[in-house]
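Observations on the three-dimensional arrangement
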Amino acid sequence: MWRTAFSLASPGGERARLTVLIFHRVLARPDPLFPDEMHAERFDQLCGWIARWFRVLPLDEAVCLRAQGRLPARALAITFDDGYADNHDVALPILRRHGLNATFFIATGYLDGGRMWNDSLIEALRATSLSALDLEPLGVGLGRYALGSLDERRVAIQAILSVVKYLEPAHRLEVVGRIAQLAGVTLPDDLMMSSDQLRAMRAAGMVIGAHTVNHPILLKLPAEGMRQEIRRSRDTLQQLLDEPVDLFAYPNGKPGVDYDQAAVDIVRAEGFAAAFSTVWGAVSRQSDDFQLPRFTPWDAGRSRFGLRLLRNLAGVA
């Protein structure tokens, strides 16, 4: 039933529609603080459905076939953003077990012991022994947050993230560092991939793409700052892998909020073959090569998951 439905919604050839899925982390086990975060058991289940329903392609191959009008029916590509170590340790074995390929967009500044600012914040509030945290003295619009339960910590994390996310990058790092100090915790240094893990991913047949150096809101940067973030991430990956890297994903990925036309123009000028946003929809022949849509499915049940994919295919970008 599902294969037939997807064949009708996602035909091959000139009318083809490519589904591109986005994931970030795949935890070894469910996280009590964020129970909806993807974990190994659930990802294994999703991969089983995807493998039965779709023709899963490496993203670089899918981009080329689309340009030629030769995508197969039920075409789908899997992507991961940021470069978490669990992509190598947890997701890769599951992908290989199901015979699936994926593309990993890497924020290169966090390789080899780095840590994204949002994870610093999350881990600080996860690990602190404090029952409340007063952040008003930081002077950025934050308040006092109760931390007595998992629910309270979850609410506090989301509230703080929403404020800190759009601070100027250097100021954001300073604020997050102050929060960790106030929380009285030592932060982990093993959340992101090492260079060796990245090379192992490529050796396993996975595709690697660029995702800037420091995962900034590109819209907040001047043109030269955007260019350096985009170029240096690609150059670092090419040096590590000793091969061209020609796919890019915009951090956060919402046009007009996280990046603008200036960023698109830079990505094009830098010689990338394609770039990806986080606008929902499926890729068609008419889609902008440098703002291709991607989709994050979240439904746990098989039927709801399948329906979500069908609805996304109906919204062709």
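Structural data are supplied above this passage.
So, here's what we can say about the structure. (Residues numbered from 1 in each chain as written. Predicted model: local features only at pLDDT ≥ 70, side-chain atom pairs only at ≥ 80, totals over all residues. Heavy atoms only, no water.)

1. Description of the layout of surface pockets
To keep it simple, the criterion reads: In the cavity and pocket records, a cavity denotes points on a 1 Å grid over the protein atoms alone where a 1.4 Å probe fits but cannot get out, a pocket denotes an open set with protein on both sides within 12 Å along at least 5 of 7 lines, and lining residues are residues with an atom within 4 Å of a point. Grid points are joined across faces, edges and corners, and a volume is the space filled by probe spheres set on the points. Numbering goes from the N terminus for both helices and strands, where a helix is a DSSP run of H or I of at least four residues and a strand is a run of E of at least two.
As a volume, the largest pocket reaches approximately 1600 Å³. Considering the residues around the largest pocket, the lining is formed by 45 residues, among which His24, Arg25, Glu37, Tyr84 and Asn118 are closest to the centre. Mapped onto the lining of the largest pocket, the elements with two or more residues apiece are strand E1 (19-23), strand E3 (75-82), helix H5 (117-127) and helix H6 (150-164). Per-element accounting of the lining of the largest pocket gives the leading share, six residues, to H5.

2. Considerations on helix H9 (residues 223-241)
Stated formally: By this rule, a helix spans an expected 1.5 Å times one less than how many residues it contains. Whether a residue is buried, partly exposed or exposed follows from its accessible area with a 1.4 Å probe, protein chains only, as a fraction of its type maximum: under 20%, in between, or over 50%, in that order. Within this analysis, the arc is defined by the directions that extend from the helix axis to the C-beta atoms. The contact rule is simple, with two residues in contact once any of their heavy atoms fall within 4.5 Å.
The end-to-end C-alpha distance of H9, which contains 19 residues, comes to 27 Å, matching closely the 27 Å that a straight helix rising 1.5 Å per residue would cover. Taken as a whole, H9 has its buried residues at Met226, Glu229, Ile230, Ser233, Arg234, Leu237 and Leu241. The buried residues of H9 occupy one face: seen down the axis, they fall within an arc of 110°. Of the surrounding elements, those touching the buried residues of H9 are strand E4 (103-106), helix H8 (195-203), strand E7 (207-210), strand E8 (247-249) and helix H10 (261-269). Once H9 ends, the next one or two residues include aspartate 242, with phi positive near 55°.

3. What to know about the nonpolar core
Operational definition: Joining through side-chain atoms within 4.5 Å is the link that ties buried Ala, Val, Leu, Ile, Met, Phe, Trp, Tyr and Cys residues into a set, and such a set is a nonpolar core.
Grouped together as the largest cluster of nonpolar side chains are 57 residues, with contacts concentrated most on Phe43, Phe80, Leu95 and Tyr250. Setting aside anything within four residues of it in sequence, one finds phenylalanine 80 in contact with Phe23, His24, Val26, Phe43, Asn87, Ala91, Leu95, Ala102, Thr103, Phe104 and Phe105.

4. Digging into the environment of methionine 206
Structurally, methionine 206 is set in the loop between H8 and E7. Residue class for methionine 206 comes out buried when judged on its relative accessible area of 3%. The spacing of methionine 206 and alanine 170 is 36 residues in sequence and 33 Å in space, taken between C-alpha atoms. Leaving out residues up to four positions away in the same chain, methionine 206 has contacts with Leu92, Leu95, Leu100, Asn101, Ala102, Phe104 and Met201.

5. A look at the side chain of asparagine 101
Basically, it comes down to this: For this analysis, a polar contact is any N or O atom pair within 3.5 Å, provided that within protein one partner can donate a hydrogen and the other can accept it, and provided that sequence-adjacent residues contribute only side-chain to side-chain pairs.
Within the fold, asparagine 101 resides in the loop between helix H4 (85-97) and E4. Reaching out from asparagine 101, the side chain makes a polar contact with the backbone oxygen of glycine 205 at a distance of 2.6 Å. Dropping the residues within four chain positions of it, asparagine 101 is found in contact with Val56, Pro58, Ile78, Gly205, Met206 and Val207.

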